[in-house]
Amino acid sequence: MKVFQVEGAWTHDHLRLGQRPQPQAGAGQIRLAMRAAALNYRDLLVPLKGYGSRMQDLPLVMLSDGVGVVDQIGPGVAPGLGVAQGQRWCPMLFQGWQGGAPDAQKLSRGLGCETDGTCAEWLVTDPLSAAPVPDHLTDVEAACLPTAGLTAWRALVTDGNVRPGDVVVVQGTGGVALFALQFAKLLGAYAIVLSSSDEKLAKAQALGADEVLNYVKEPAWGRTVKAMAQRLSGRDGADHVVELGGTSTLEQSLRAVRAGGTLSLIGVLGGAKLDAPLGLVVTRAVRLQGVTVGSRDDFVAMCSAMARVQMRPVVDSVYPFEALKDALAHLKSGKHFGKVCVGIQPG
Ligand SMILES: NC(=O)c1ccc[n+]([C@@H]2O[C@H](COP(=O)([O-])OP(=O)(O)OC[C@H]3O[C@@H](n4cnc5c(N)ncnc54)[C@H](OP(=O)(O)O)[C@@H]3O)[C@@H](O)[C@H]2O)c1
């Protein structure tokens, strides 16, 4: 089968189309004929061995997100799991994290990192490390769910407990950010979106953002966002900040959040060193919550909520399988709004 993999050495130049034997579903496993895959920021770091010390030895099949059609069911798959030929299922990023709080074991097998990823014609997994997707989504839309969608869901729902009337601040207009905007609206919360581009902010407003701000024009945005949140909810700041910048944004997030509010620490796009006024965390009892994707149970809950309101992920662009490098270059350019995807097999 065709795969897109890093082979020979850890550089972007060693990202190549390759061939692997077609995998077969063993006992307790299912095989997915992959239809589409989606890119995440981390896929820019993977070819440089930039995603932790436990990365699989080369060759490594790229990407952590994708969707496929069940085309083989191995012996011993329990009927109660509801798997049937022809259904569309997504493999979970963390293979084996079925539910509950994360631990080292549950976080040890990440697709496209500690184990081969989704940029392949077939993928074998087990039904408790994968889950069915809502019927209303296209293949490409469904491929966006396991990382960006699930991370935003876990941050706002499972860990964040966001309530109607809360104010959620979202940094940027990439994959995680736009899911967070859409989920905030689904939950009946207000959303404030920050972007480097006025054009993208206008699109975010069309998606339901209640307030927007250009973080390049106003780098010290914390107090302005706090005032926006006060106008929206009457509270003393934002209830929740989806923190994607890291070093470059943490201080402003701490100035924007209300006393007792939450910062979901998800990304480090603007640096990974802690350089922020920690006194604000203590004196205003701010909760700093690290988020690392989510479990299969979270995924099932997210899909059911999306199906109920027919929510669709925002897809920026779709590249052919062979053009993965062009797709990565587009992601790196930062011109995208929402998800950059790859088609694998036409549905
Ligand atoms: N913890 C987890 O489980 C998890 C899961 C998924 C992603 N992440 C992390 O979350 C971050 C976003 O991932 P993604 O896949 O959604 O990325 P993405 O789709 O590439 O989105 C990046 C967007 O973020 C905005 N941005 C870039 N630099 C920024 C900065 N310094 N401060 C604020 N915003 C900035 C830009 O939006 P504008 O163009 O609108 O300015 C950019 O388009 C990455 O750090 C990624 O590693 C973590």
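Keep in mind it's a predicted model, so treat the numbers as computed, not measured. The residue numbering used here restarts from 1 in each chain and proceeds along that chain's sequence as written. Under the rules for a predicted model, residues below a pLDDT of 70 receive no local features and side-chain atom pairs below 80 are neither given nor counted, while totals for whole chains, interfaces and linings still include all residues. Neither water nor hydrogens contribute to the side-chain values; these are computed over all heavy atoms in the structure.

## Things to note about the packing of aromatic side chains
- Put simply, two rings from Phe, Tyr or Trp (the six-membered ring, in Trp's case) pair if the centres are within 6.5 Å, and we call them stacked under 30 degrees between planes, edge-to-face over 60, tilted for the rest. Taken as a whole and assessed by the stated rule, the structure comprises four aromatic pairs.
- Ring geometry for F94 against W97: centres 6.2 Å apart, planes inclined by 50°, an arrangement best described as tilted.
- Partly exposed residues are those whose accessible area sits between 20% and 50% of the maximum for their type, while under 20% is buried and over 50% is exposed, using a 1.4 Å probe and protein chains only. Here W97 falls in the buried class, since its relative accessible area comes to 1%.
- Of the aromatic side chains, those joined through ring pairs into one cluster are W153, F179 and F183.
- Charge-over-ring contacts are defined here by two conditions on Lys NZ or Arg CZ: a distance within 6 Å of the ring centre and an angle within 35 degrees of the ring normal. Cation over ring: K2 sits above F321, and NZ or CZ is 5.0 Å from the ring centre.
- Note that R42 overlies the ring of Y51, its terminal NZ or CZ placed 4.9 Å from the centroid.

## Side note on the site of the ligand
- Near the ligand lie 28 residues; those nearest to it are T173, S195, S196, Y215 and V291.
- In this structure, an oxygen atom belonging to the ligand sits 3.0 Å away from a main-chain N or O atom of Y41.
- At a separation of 2.9 Å, an oxygen atom of the ligand approaches a polar backbone atom of V176.
- In isolation the ligand has 920 Å² of accessible area, and contact with the protein removes 89% of it.
- Secondary structure counts use DSSP, requiring at least four H or I residues in a row for a helix and at least two E residues in a row for a strand, with both numbered from the N terminus. Elements that contribute at least two residues to the shell around the ligand include exactly α3 (145–158) and α4 (175–186).
- Residues are grouped as follows: Ala, Val, Leu, Ile, Met, Phe, Trp, Tyr, Cys and Pro are nonpolar; Asp, Glu, Lys and Arg are charged; every other residue, Gly included, is polar. Here the residues of the shell around the ligand sort into ten nonpolar, 17 polar and one charged.
- Looking at which domains feed residues into the shell around the ligand, each of domain 1 (2–144 + 313–343) and domain 2 (160–290) supplies at least three. Nearness of a residue to a molecule or strand requires only that one of the residue's heavy atoms be within 4 Å of it. Counting of polar contacts relies on pairs of N or O atoms within 3.5 Å, with two restrictions inside protein: one atom must be capable of donating a hydrogen and the other of accepting it, and residues adjacent in sequence are counted only when both atoms are side-chain atoms. Working definition of accessibility: Shrake-Rupley area with a 1.4 Å probe, residue cover restricted to the visible protein chains. The split of the chain into domains comes from an automatic or database domain assignment.

## Some words on the environment of T158
- Here T158 lies in helix α3.
- A relative accessible area of 37% means that T158 is categorised as partly exposed.
- The spatial distance from the C-alpha of T158 to the C-alpha of S253 is 21 Å, given a sequence separation of 95 residues.
- Within the structure, T158 has its side chain in polar contact with the side chain of D298 (distance 2.9 Å).

## Looking at the pattern of salt bridges
- Salt bridges are defined by distance alone: a side-chain nitrogen of Lys or Arg within 4 Å of a carboxyl oxygen of Asp or Glu. Across all of its chains, the model carries 16 salt bridges by this definition.
- Measuring nitrogen to oxygen at the nearest pair gives 2.6 Å for the salt bridge that ties D298 to R154. A residue pair is termed long-range when its members are at least 10 positions apart, and D298 in helix α9 (residues 296–309) and R154 in helix α3 qualify at 144 residues. The pair D298 / R154 is uniform in exposure class, with both members buried.
- R231 is paired through a salt bridge with E211; the nearest N and O atoms lie 3.7 Å apart. Here R231, found in helix α6 (residues 222–233), pairs with E211, found in strand β11 (residues 211–214); they are 20 residues apart in sequence, far enough to count as distant.

## As for the nonpolar core
- By convention a nonpolar core is built from buried Ala, Val, Leu, Ile, Met, Phe, Trp, Tyr and Cys residues, the set being connected through side-chain atoms within 4.5 Å. Ranked by size, the top nonpolar core spans 50 residues in total, and within it L145, L156, V168, F179, F183, F299 and M306 carry the most contacts.
- The dominant element in this core, judged by the number of residues it contributes, is α4, at eight residues.
- Residues from two domains meet in this core; each of domain 1 (2–144 + 313–343) and domain 2 (160–290) gives at least three.
- Contacts: residue pairs with any heavy atoms within 4.5 Å of one another. With sequence-adjacent residues up to four places away left out, L145 is seen in contact with V133, P134, L137, L150, F179, F299, M302, C303, M306 and P313.
- Membership of the second largest hydrophobic core comes to 38 residues, among which are L44, A120, W122 and L328.

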